[in-house]
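Notes for the structure review
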Amino acid sequence: MGEHALPGRPPVPLTLRKSARARRISLRISQLDGRVTLTYPNGVPEIEALNFARSKEDWIRQNLAGQPEREDVRVGGLIPVEGIERRIVPATGRRVQLGADTVAVPAGAEGRRLARFLKELARDRLSEACDDYAAILGRSYTTLSLRDTRSRWGSCSSHGGLMFSWRLILAPPEVLHYVAAHEVAHLAEMNHSPAFWAQVERIFGPYDTPRRWLRDNGAVLHRFRFDGPAS
């Protein structure tokens, strides 16, 4: 991959990706982090791909303008935890404490402290959910890992390893549980066939509502930055 940018105010970073499978030049804007990827076939000169991107500049900037702005996590700010918007307040002790409508964070590197707490909470919730759904399915998974993924909320490897975005802890619990059930169902069906969706519904129940929520609101979960300046 190569890094370029469309000039202007502000410049728009472009990630160039040459692909033997591509049949034409295409642009993709991530709804999670706004990354603009320009894919072009082998045999197409790089300058031609860049000219294509320049011809679509108005469309690119319009799309980016409609995405949620990135927001630094700081004391006094708001953040959803398990779907409930909570005010970030100073903690009196040395541990992060989750209240009904607040989350108290000790002073110093608040963003990183809160991220660490949220990852631990996400692991607890996802482990419990996956254990339950795997038991219903009658299959076992091998590992469960968390990442801050841009392109997917979860995955299941051919060896039974489950991976999830820890930012699911920001979403309502039924959304986290849906993604857990979705990936566990892949232990039986490594595809998205009707048989797979039947397994999701068998172990989780009707899934249209949480699936739609994630499609419509998932990008918002990625707007929060946990490594910004504290206050």
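Our structure is the block above this text.
Every chain's residues receive numbers from 1 upward, in the order its sequence appears when written. Residues qualify for local features only when their pLDDT is at least 70, as the model is predicted, and side-chain atom pairs are given and counted only at 80 or more; totals for whole chains, interfaces and linings, by contrast, use all residues. To obtain the side-chain values, all non-hydrogen atoms of the structure were used and water was disregarded.

**Considerations on the pairing of strand β10 (residues 143–147)**
How we decide: The classification of residues rests on relative accessible area computed with a 1.4 Å probe and restricted to protein chains. Under 20% of the type maximum is buried, over 50% is exposed, and intermediate values are partly exposed. Per the convention used, a helix needs a DSSP run of H or I reaching at least four residues, while a strand needs a run of E reaching at least two, with both numbered from the N terminus. Strand pairing follows a simple DSSP-based rule, namely that at least 2 bridges must link the two strands.
The side-chain alternation of β10 yields one buried face, formed by Leu 144 and Leu 146, and one unburied face, formed by Thr 143, Ser 145 and Arg 147. As defined by bridge partners, β10 adjoins strand β12 (residues 161–165) across 5 bridges and the pair is classed as parallel. In the strand pairing of β12, Ser 145 is matched with Met 163.

**Brief notes about the state of the cysteines**
Short version of the rule: Any two cysteine sulfur atoms lying within 2.5 Å of each other are counted as a disulfide.
For the coordinates displayed, the defined rule picks out 0 disulfides. You can see Cys 130 has no disulfide; the closest cysteine sulfur is in Cys 156, sitting 9.5 Å from it. When its relative accessible area of 0% is taken as the criterion, Cys 130 is described as buried.

**Here's the deal with the sheet that holds strand β6 (residues 78–81)**
Picture the strands of a sheet paired through backbone hydrogen bonds; they go either parallel or antiparallel. With mixed pairing, 4 strands are arranged side by side in an open sheet as β6-β7-β9-β8. At either end of the open sheet lies a strand with only one pairing partner, and these are β6 and β8 (97–98). Bridging between β6 and strand β7 (residues 84–90) involves 4 bridges; their strand directions are antiparallel. By the bridge assignment for β7, Leu 78 is matched with Arg 87.

**Let's talk about the nonpolar core**
As a reminder, the rule being used: Definition of nonpolar core: a set of buried residues of the types Ala, Val, Leu, Ile, Met, Phe, Trp, Tyr and Cys, connected through side-chain atoms within 4.5 Å. A contact between two residues is defined here by any heavy atoms of the two lying within 4.5 Å.
Counting 48 residues, the largest nonpolar core has Ile 79, Leu 114, Leu 118, Leu 126, Phe 164, Val 184 and Phe 226 as its most contacted members. Broken down by secondary-structure element, the contributors of at least two residues to this core are β6, β9 (102–105), α3 (110–137), β10, β12, α4 (173–185) and α5 (194–204). The element that contributes the greatest number of residues to this core is α3, accounting for 12 residues. Apart from the residues lying within four places of it in its own chain, the contact partners of Phe 226 are Val 73, Ile 79, Gly 111, Arg 112, Leu 114, Ala 115, Leu 118, Trp 166 and Arg 167.

**Points about the side chain of Ser 19**
Basically, it comes down to this: Two N or O atoms form a polar contact when they lie within 3.5 Å of each other; inside protein one atom must be a possible hydrogen donor and the other a possible acceptor, and for residues adjacent in sequence the pair counts only when both atoms belong to side chains.
With respect to the element layout, Ser 19 can be found in strand β2 (residues 12–19). A distance of 3.3 Å separates a polar side-chain atom of Ser 19 from the backbone nitrogen of Ala 22. Filtering out sequence-adjacent residues up to four positions away, Ser 19 remains in contact with Thr 39, Tyr 40, Pro 41 and Asn 42.

**Quick word on the packing of α4 against helix α6 (residues 208–217)**
For clarity, the threshold we go by: A fitted line through C-alpha atoms represents every axis, and for helices the fit uses only the stretch in contact; the resulting angles, taken between N-to-C directions, go from 0 to 180 degrees. Throughout this description, any angle smaller than 35 degrees is read as roughly parallel, any larger than 145 degrees as roughly antiparallel, any in the 65 to 115 degree range as roughly perpendicular, and the remainder as oblique. Side-chain classes follow a simple rule in which Ala, Val, Leu, Ile, Met, Phe, Trp, Tyr, Cys and Pro form the nonpolar group, Asp, Glu, Lys and Arg form the charged group, and the remainder, Gly included, forms the polar group.
With their axes 9 Å apart at the nearest point, α4 and α6 run at an angle of 100° to one another. Taken together, the axis directions place α4 and α6 in an arrangement best described as roughly perpendicular. Residues Glu 174, Val 175, Tyr 178 and Val 179 of α4 form the contact with α6, whose participating residues are Pro 210, Arg 211, Trp 213 and Leu 214. In the contact of α4 with α6, the residues fall into 6 nonpolar, no polar and 2 charged.

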